[in-house]
Amino acid sequence: MRRIAVINQKGGVGKTTTTVNLAAALAAAGKRVCVLDLDPQAHASTHLGAEPDGKTPSLYDVLVASTPLATVRREVAPNLTLCPSSIDLAAAEVELAGIVGREVILREALAADGEPFDYVLMDCGPSLGVLTLNALAAADEVFIPLQPHFFALHGLSKLLETTALVARRINPGVKVSGIVICLYDAATKLAQEVVTDLNGFLAQSRAANVPWAGAKVFDTRIRRNVKLAECPSYGKSIFAYAPRSPGAADYAALANEVLGVAPPVVVGPLKVAVETPAAVVEAAAVVMPVEAVEARMAGELPAVA
């Protein structure tokens, strides 16, 4: 099981969009995926069609009342389950203030849960409070969605410091494994410069004893796409809402990278992997007919220049 916390203390950088659509792509590839919505705004829950009603058990009950995860978990799509949020989570910071070991409550809940997921993705709110600390304490990996501009890089240093502190005191195994560039516009010089600077910073950290020593910037860039902004209001992932959009192509490619599949090639609006296993062919079929994917892989279609 890979436990991945998707974190950035800055809002509007693509945390929820990345969590939900990456989870949907991994689930379509045949992986068992669980999304934990740790943001009191409950955007990931709404994105997956589970609008909080104040009555349904949520992660608030897990953190404050020791409710088992199995009680709050619900299936929202094949291979994809959700542990929803609620507005009550906003009060958890105060209610847990005097609790000893409050930073590891989620880790203990996951340890007690016997469900054999392949991936657990934790969507965190735009803060570095106790909810985000619970995610860092429970995670093996950290993905950082980043918008390519100066202030995003400025805030990254604070986030990395927090990750290092958690690694020293609470969870020695946590590592920053990937940075996802979101809202990318290749036409702007600034976006390219930020990515270059970020790669240079990570290269200098390779020999250091820090949690981000092995981190990489994912090759996939999540481009600006209005469909990605529209699909949450319909309670759908990008694959269910606009399967042929650039947003769907980008998140399918990101899922390939996370799965460790061969680098993608561009086929029309879709990026699919070369020599992919059957499970990834199924994931690609979310945004492209199966016959076309199989024909491409069998060499029946002309090569892309």
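Residues numbered from 1 in each chain as written. Predicted model: local features only at pLDDT ≥ 70, side-chain atom pairs only at ≥ 80, totals over all residues. Heavy atoms only, no water.

**Concerning the sheet that holds strand 3 (residues 74-77)**
Reading across the sheet, the eight strands line up as 3-4-2-5-1-6-7-8 and stay open at both edges, with mixed pairing between neighbours. In this open sheet, the two strands that pair with only one neighbour each are strand 3 and strand 8 (216-223). With direction set aside, neighbouring strand axes in the sheet form an average angle of 25°. Where strand 2 (residues 33-38) and strand 5 (residues 119-124) come together, six bridges link them in parallel fashion. (Pairing = 2+ DSSP bridges. Helix = DSSP H or I, 4+ residues; strand = E, 2+ residues; numbered from the N terminus. Axes fitted to C-alpha atoms, helices over the stretch in contact; angles between N-to-C directions.)

**Some details on the pattern of salt bridges**
The final tally for this structure, using the stated rule, is eight salt bridges. With a closest N to O distance of 3.8 Å, Arg 73 and Glu 115 form a salt bridge. Of the two residues, Arg 73 sits in the loop between helix 4 (69-72) and strand 3 while Glu 115 sits in the loop between helix 6 (105-112) and strand 5, which places them 42 residues apart along the sequence. Overall, the relative accessible area of 17% leaves Arg 73 in the buried class. With relative accessibility at 28%, the residue Glu 115 sits in the partly exposed group. The salt bridge involving Lys 227 is made with Glu 230; its shortest N-O contact spans 3.6 Å. Residue Lys 227 and its partner Glu 230 are both found in helix 10 (residues 226-230); the two are separated by three residues, about one turn of the helix. (Salt bridge = Lys/Arg side-chain N within 4 Å of Asp/Glu carboxyl O. Buried < 20%, exposed > 50% of the residue type's maximum accessible area, 1.4 Å probe, protein only.)

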